[in-house]
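Okay, here's what each chain looks like letter by letter:
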Amino acid sequence: MSDNGTIEKEEIFSKVLRAGRRTYFFDVRATKANDYYLTITESKKFTNEDGSFHYKKHKIYLYKEDFAGFNEILKEMTDYILDEKGEEVISERHQKNFKKEFEDEAEPKAEPAGTPSAAAFTDISFEDI
C-alpha cells in the first residue's frame, strides 16, 4: 500500500529496452477482475543546466481487446518505414564527424553535388506524435 492508502498495482511480467536517453518499460499488470493488460512507458532523460537531471514519462495502456489491431498496425507501420528507408538511422545526430552549422554564418557553405539537404530528413520523436 502507498502512503495515501491506495493499493499500488504490481507488475506481473516486465521487460526493459534501453535506447540512449530513452528507456521503454513493458509491464503486464492485472485489472481488479484479475485480467491482464499491458502498459508501455517511455521515460526520457533530460539534463538541467546545473548538471542535475529529470525524466519525462509517457504511458500507453493496452488492453487485450486491442492487441490484434495494435499489432497489425504496428507491424504495418514498422515494415513501411524499413521498406522505405532501410534500417540505417538517418539523422544528423548519428552522422560520423557531424558538426552543427549555424544559420547565422556569414557565407552559406555549398553542398557537393548529389548531397541531400538537411530539409530532406525529418527527425521524429514521440513528442511530435
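Residues numbered from 1 in each chain as written. Predicted model: local features only at pLDDT ≥ 70, side-chain atom pairs only at ≥ 80, totals over all residues. Heavy atoms only, no water.

Novice: Honestly, the pattern of salt bridges in this entry has me stumped. Any pointers?
Specialist: When the charged atoms of two side chains with opposite charge come close together, those side chains can pair. On inspection of all chains with the given rule, the structure shows 4 salt bridges. Here R22 ties to E42 by a salt bridge, and the two come within 2.6 Å at their closest N and O atoms. Of this pair, R22 sits in strand 2 (residues 22–30) while E42 sits in strand 3 (residues 36–47); the two residues are 20 residues apart in sequence, bridging distant segments of the chain. Residue R22 shares its accessibility class with E42, and that shared class is buried. For R29, the salt bridge goes to D27, with nearest N and O atoms at 4.0 Å. Accessibility assignment for this pair places R29 and D27 in one class, buried. (Salt bridge = Lys/Arg side-chain N within 4 Å of Asp/Glu carboxyl O. Helix = DSSP H or I, 4+ residues; strand = E, 2+ residues; numbered from the N terminus. Buried < 20%, exposed > 50% of the residue type's maximum accessible area, 1.4 Å probe, protein only.)

Novice: Sorry if this is basic, but what is going on with the pairing of strand 4 (residues 53–63) here?
Specialist: One face of the sheet, then the other: side chains in a regular strand alternate in exactly this way. Bridging between strand 3 and strand 4 involves 11 bridges; their strand directions are antiparallel. Of the residues in strand 4, the one forming a bridge with L38 is L62. Hairpin connection between strand 3 and strand 4: a loop of 5 residues separates the two successive antiparallel strands, and G51 in this loop has a positive phi of roughly 95°. (Pairing = 2+ DSSP bridges.)

Novice: Whenever I open this one, a nonpolar patch on the surface confuses me. Can you help?
Specialist: Taken together, the side chains of I12, F13 and Y36 make up a nonpolar region of the molecular surface, amounting to roughly 310 Å² of accessible area. Examined against the element boundaries, F13 turns out to sit in strand 1 (residues 13–19). (Patch = residues over 30% accessible without salt bridge, like charges linked within 9 Å, V, L, I, M, F, W, Y side chains within 5 Å. Areas by Shrake-Rupley, 256 points an atom, 1.4 Å probe, with all protein chains shown as cover.)

Novice: Please explain the environment of D35 as it appears in this structure.
Specialist: Checked against the element boundaries, D35 lands in the loop between strand 2 and strand 3. Not counting the four nearest positions on each side in its chain, D35 is found in contact with R29, A30 and K64. Among the polar contacts listed, one links the side chain of D35 to the side chain of K64, at a separation of 2.8 Å. (Contact = heavy atoms within 4.5 Å. Polar contact = N/O pair within 3.5 Å; in protein donor to acceptor, adjacent residues only side chain to side chain.)

Novice: I tried to follow the environment of Y55 on my own but got confused; where do I start?
Specialist: Locating Y55 in the fold gives a position in strand 4. In this structure, the C-alpha to C-alpha distance between Y55 and R21, residues 34 residues apart in sequence, is 9.6 Å. Not counting residues within four places of it along the chain, the set of residues in contact with Y55 comprises S43, K44 and K45.

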